[in-house]
Amino acid sequence: MSARDWIDKDFYRELGVSSDASDAEVKKAYRKLARELHPDANPGNADAEARFKSVSEAYGVVGDPEKRKQYDEARSMFGGGLRGGFGGGSGFDFGDAFGGQQGGFTAGGGGLGDLFGNLFNRAKSGGGTTARPRRGADVETDVRLDFVEAVRGATVPLRLSSPSTCDTCHGSGARPGSSPKTCVTCGGVGLVSRSQGAFAFSEPCRDCRGTGRIIDDPCPDCAGEGVNTKTRTLTVRIPAGVEDEQRIRLAGQGEPGRSGAPAGDLYVRVHVTPHPVFGRSGNDLTLKVPVSYTELALGTTLTVPTLDGVVSLNVAPGTASGRVLRVRGKGVQRRDGQSGHLLVTLQVTVPADLDDDARTALEAYAKATATHDPRPELTALVQKARQS
Ligand SMILES: [Zn+2]
Ligand SMILES: [Zn+2]
């Protein structure tokens, strides 16, 4: 989050509390909103999900007494006025405003955003500051299943990458055996002052990229960042009957928590590749079976595929086109007993062209059935319309 975002955002309004609400009131308001907006309670609702994130972000700041104090101070100082110029001619200095926080900046790149960002993430960076218990972040990942795997359930290996403290240098960024030196330019503060007219600014030191430290001999495993990416493999059991775009929550499989706090959750979003002939309707499988007119008129026995073999279906003489036959127990077999069936839809196909014998036979058939009206209700309406 950049400083601008942060000051422009009204975290109190996000939580629906006043800026002098007690910690208990903030907590209560957050819990209520989190329950209402939780993705589990609002599947597929993007608005609720966005609100849930905003509310979580707001509570991440206002719900933490120390961060809340800093947020209140920054708001009273800048009052959303960062965009509109500093006005008034009274200079200010970020270094003073956040005195005592120096030396904790670890990200490079510069800019006020980093300054604020690091202020609020410093529990994460370790760097000698006291890390307080913090729940691990939720992680979302995607998995693709084919149709049959989704119906039957599958065990899939997931490779997850997440940043974590470098084991080689324990986060210092320096090659083991060496240690970072204090930056001479900024005296280890990570900030340098710059004057522009009446204003005095502090900006991150360019020599040490705001870290306050110079690493002559960077750690080979993290290139001096103190953080590298770890990959872990997790075997996930996807239950039978999972639907396309469904999100599965695996509690406690997200990023690890800090200082004994619980881990975040892992959300696995499932993408299902369609099957060339079978479809899904909840726990039922669907299958369209083309049949000839004579098969429906005279009756027949059809052999159709299921996901695990074949099944024979009796079609009674005079069966209508579009009729759905149910094959019990050949749908999704779920453990909770909510199992489905195979629904077979019979659909008449008409031959695109006929050979002479077939044409002769059909013409004879048409003649034999000429007195039969297949659409008496419509014929009646047509006659009525003509008479009036
Ligand atoms: Zn390292
Ligand atoms: Zn420096």
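Residues numbered from 1 in each chain as written. Chains lettered and ligands numbered in written order. Predicted model: local features only at pLDDT ≥ 70, side-chain atom pairs only at ≥ 80, totals over all residues. Heavy atoms only, no water.

The name given to the protein in an unreviewed UniProt entry is Chaperone protein DnaJ, and the organism recorded there is Actinokineospora globicatena. Recorded in UniProt under Subcellular location (unreviewed entry), the annotation for the protein is "Cytoplasm". (UniProt positions renumbered as here; feature names shortened; annotations may be inferred.)

Relative to the helices and strands, Glu 243 is located in the loop between β7 (227-238) and β8 (247-250). With 92 residues separating them in the primary sequence, Glu 243 and Val 151 have C-alpha atoms 8.5 Å apart. Apart from residues lying up to four places away in sequence, Glu 243 is in contact with Val 270, Val 272, Arg 280 and Gly 282. (Helix = DSSP H or I, 4+ residues; strand = E, 2+ residues; numbered from the N terminus. Contact = heavy atoms within 4.5 Å.)

Grouped burial of nonpolar side chains is what soluble globular proteins tend to show. Within the largest apolar cluster, 20 residues are counted, with the highest numbers of intra-cluster contacts made by Val 289, Leu 302, Val 304, Leu 313, Leu 342, Val 344 and Leu 346. Of all elements in the fold, only α8 (147-152), β11 (284-291), β12 (300-306), β13 (309-315), β14 (324-327) and β15 (342-348) reach the threshold of two or more residues within this core. With four residues, the top contributor of residues to this core is β11. In this view, Val 344 contacts Leu 287, Val 289, Leu 313, Arg 323, Val 324, Leu 325 and Val 327; residues no more than four positions away in its chain are not counted. One finds Leu 15, Tyr 30, Ala 34 and Val 62 within the second-largest nonpolar core, a separate group that totals 19 residues. (Core = buried A, V, L, I, M, F, W, Y, C linked by side-chain atoms within 4.5 Å. Buried < 20%, exposed > 50% of the residue type's maximum accessible area, 1.4 Å probe, protein only.)

Moving on: the coordination of the zinc ion (ligand 2). Protein ligation of the zinc ion (ligand 2) involves Cys 183 (SG), Cys 186 (SG), Cys 205 (SG) and Cys 208 (SG), the donor distances falling in the range 2.2 to 2.3 Å. One way to put it: the four donor atoms around the zinc ion (ligand 2) meet at angles of 100 to 116 degrees, and that makes the site tetrahedral. For the zinc ion (ligand 2), all donor residues lie on one chain, and their spacing in sequence is C-x2-C-x18-C-x2-C. Both residues of the pair, Cys 183 and Cys 186, count as buried. (Donors = N, O, S within 2.8 Å, 3.2 Å for Na, K, Ca; no water. Tetrahedral: all angles 85-135°; square planar, octahedral: opposite > 155°, others 65-115°.)

With that settled, consider the UniProt feature "binding site: Zn(2+) 1" (unreviewed entry) in the protein. Sites flagged by UniProt as "binding site: Zn(2+) 1" (unreviewed entry) map to Cys 166, Cys 169, Cys 219 and Cys 222. Taken together, the annotated residues stretch across 57 residues yet fold into one region, lying no more than 9.0 Å apart by C-alpha. Along the polypeptide, Cys 166 turns up in the loop between β2 (154-165) and β3 (181-182). In contact with Cys 166, other than residues within four places in its own chain, are Gly 171, Cys 219, Asp 221, Cys 222, Gly 226, Val 227 and Asn 228. Positionally, Cys 222 belongs in the loop between β6 (213-214) and β7. In this structure Cys 222 comes out as buried when scored by relative accessible area, which is 5%. Beyond its immediate stretch of four places on either side in the chain, Cys 222 contacts Cys 166, Cys 169, Gly 173, Val 227 and Asn 228.

What follows is about the sheet that holds β15. A sheet is described by the order of its strands in space; here four strands give the open sequence β10-β11-β15-β14, paired in mixed fashion. A strand with exactly one partner marks an edge of an open sheet, and here the two such strands are β10 (278-281) and β14. Across the sheet, the mean angle separating the axes of adjacent strands is 30 degrees when strand polarity is ignored. Here β14 pairs with β15 via four bridges, running antiparallel. Note that in β15 the partner of Arg 326 across the bridge is Leu 343. (Pairing = 2+ DSSP bridges. Axes fitted to C-alpha atoms, helices over the stretch in contact; angles between N-to-C directions.)

So, on to the UniProt feature "repeat: CXXCXGXG motif" (unreviewed entry) in the protein. In the numbering adopted here, UniProt assigns the feature "repeat: CXXCXGXG motif" (unreviewed entry) to residues 166-173, 183-190, 205-212 and 219-226. For residues 183-190, the end-to-end C-alpha separation is 8 Å, with 0% helix and 0% strand making up the annotated structure.

The strand order across the open sheet built from three strands is β1-β9-β8, with neighbouring strands paired in mixed fashion. Of all strands in the sheet, those with a lone pairing partner are β1 (139-146) and β8, marking the two edges. On average, each strand axis in the sheet is inclined to that of its neighbour by 30 degrees, with strand direction left out of account. Bridge count between β8 and strand β9 (residues 266-273): four bridges; the pairing is antiparallel. Bridge pairing links Arg 247 to Arg 269 in β9.

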